[in-house]
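Descriptive structure summary
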Amino acid sequence: MKGVVLIIVTYLIGSISNSYILGKVFKMKDIRDYGSKNAGATNMIRVFGAKLGIITLFLDVFKGVLAVFLSRYFEVDFAQYIALLGVVLGHDFPFYLNFSAGKGVSTTIGGLLLIDYKFALAVMVSMFLIVLITKYVSLSSLLMFLAFFIYTWLKFKEINLAVLISFAIALIGIIRHFKNITRLIKGEENKLYIFKK
């Protein structure tokens, strides 16, 4: 029962779509109508600029941090992972946005900061370098999801709830990036230049 309550609470936290809310408040526009039509930080940067995009990024990361932090008050096995799953589901599929919003990248990283901050920091640095070199945010995101699953599997060395949840989060993340994968294969994926001339 506590596990169900935990996933509902963290889902509600995750369903706070920062890109949608900030777009409506400051630009009076729906971010889902522009750019890649994804309600996420990367699309916010491209469409509404770096300032709102970075604010969105930090707020999305904070959702993951908050969800996993709250899991400490639930006496449930693998509570951190259950909380991470809940907040990612909320971020990706908020009930008031027709169950379609972001892709869970920043929120997953936020949760990982509390689960294992050393691994999370290593992932963040790696993602930054991948984007810096390739200019593809989607590629760095896909590799992050794969790394999270592999890391969790190697950490526990057995198939348990944490490993299954990490697989589910990675699978959801990859599926949410399906269009990006198609564009990457075709060489048509949008690039993000961190340092513009």
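Here's a quick rundown of the structure. (Residues numbered from 1 in each chain as written. Predicted model: local features only at pLDDT ≥ 70, side-chain atom pairs only at ≥ 80, totals over all residues. Heavy atoms only, no water.)

**Overview of the pattern of salt bridges**
How we decide: Here, a salt bridge means any Lys or Arg side-chain nitrogen found within 4 Å of an Asp or Glu carboxyl oxygen. A run of H or I in DSSP becomes a helix once it reaches four residues, and a run of E becomes a strand once it reaches two; helices and strands are each numbered from the N terminus. Residue exposure (1.4 Å probe, protein chains only): buried if accessible area is under 20% of the type maximum, exposed if over 50%, otherwise partly exposed.
All chains considered together, the criterion is met by 4 salt bridges. Notably, a salt bridge pairs lysine 63 with aspartate 60, separated by 3.8 Å at the nearest N-O pair. On the criterion of helical spacing, the pair formed by lysine 63 and aspartate 60 is a turn pair, its members being 3 residues apart in helix H4 (residues 50-70). Using a relative accessible area of 2% as the deciding quantity, one classes aspartate 60 as buried.

**Focus on the nonpolar core**
Here is the rule: Put simply, a nonpolar core is a bunch of buried Ala, Val, Leu, Ile, Met, Phe, Trp, Tyr and Cys residues held in one set by side-chain atoms that sit within 4.5 Å of each other. Residues are treated as being in contact if the distance between any of their heavy atoms lies within 4.5 Å.
Grouped together as the largest cluster of nonpolar side chains are 31 residues, with contacts concentrated most on Leu84, Met144 and Ile169. Within the residue set of this core, elements represented by two or more residues are helix H1 (2-14), H4, helix H5 (79-92), helix H6 (105-115), helix H7 (117-134), helix H8 (137-156) and helix H9 (161-176). With residues near it in sequence (within four places) discarded, methionine 144 still touches Val105, Thr108, Ile109, Val123 and Met127. Among the nonpolar cores identified, the runner-up in size contains 9 residues, and Tyr20, Ile31, Met44 and Phe48 belong to it.

**Looking at H9**
To keep it simple, the criterion reads: Any helix carries an expected span of 1.5 Å times its number of residues minus one.
Taking 1.5 Å of rise per residue, 16 residues should cover 22 Å, and H9 covers 22 Å from first to last C-alpha, within 8% of that figure. Along H9, the positions that sit buried rather than exposed are Ala162, Val163, Ile165, Ser166, Ile169, Ala170, Ile172 and Gly173. Summarising the contacts, the buried residues of H9 are in contact with H5, H6 and H8.

None of this, on its own, says anything about what the molecule does.
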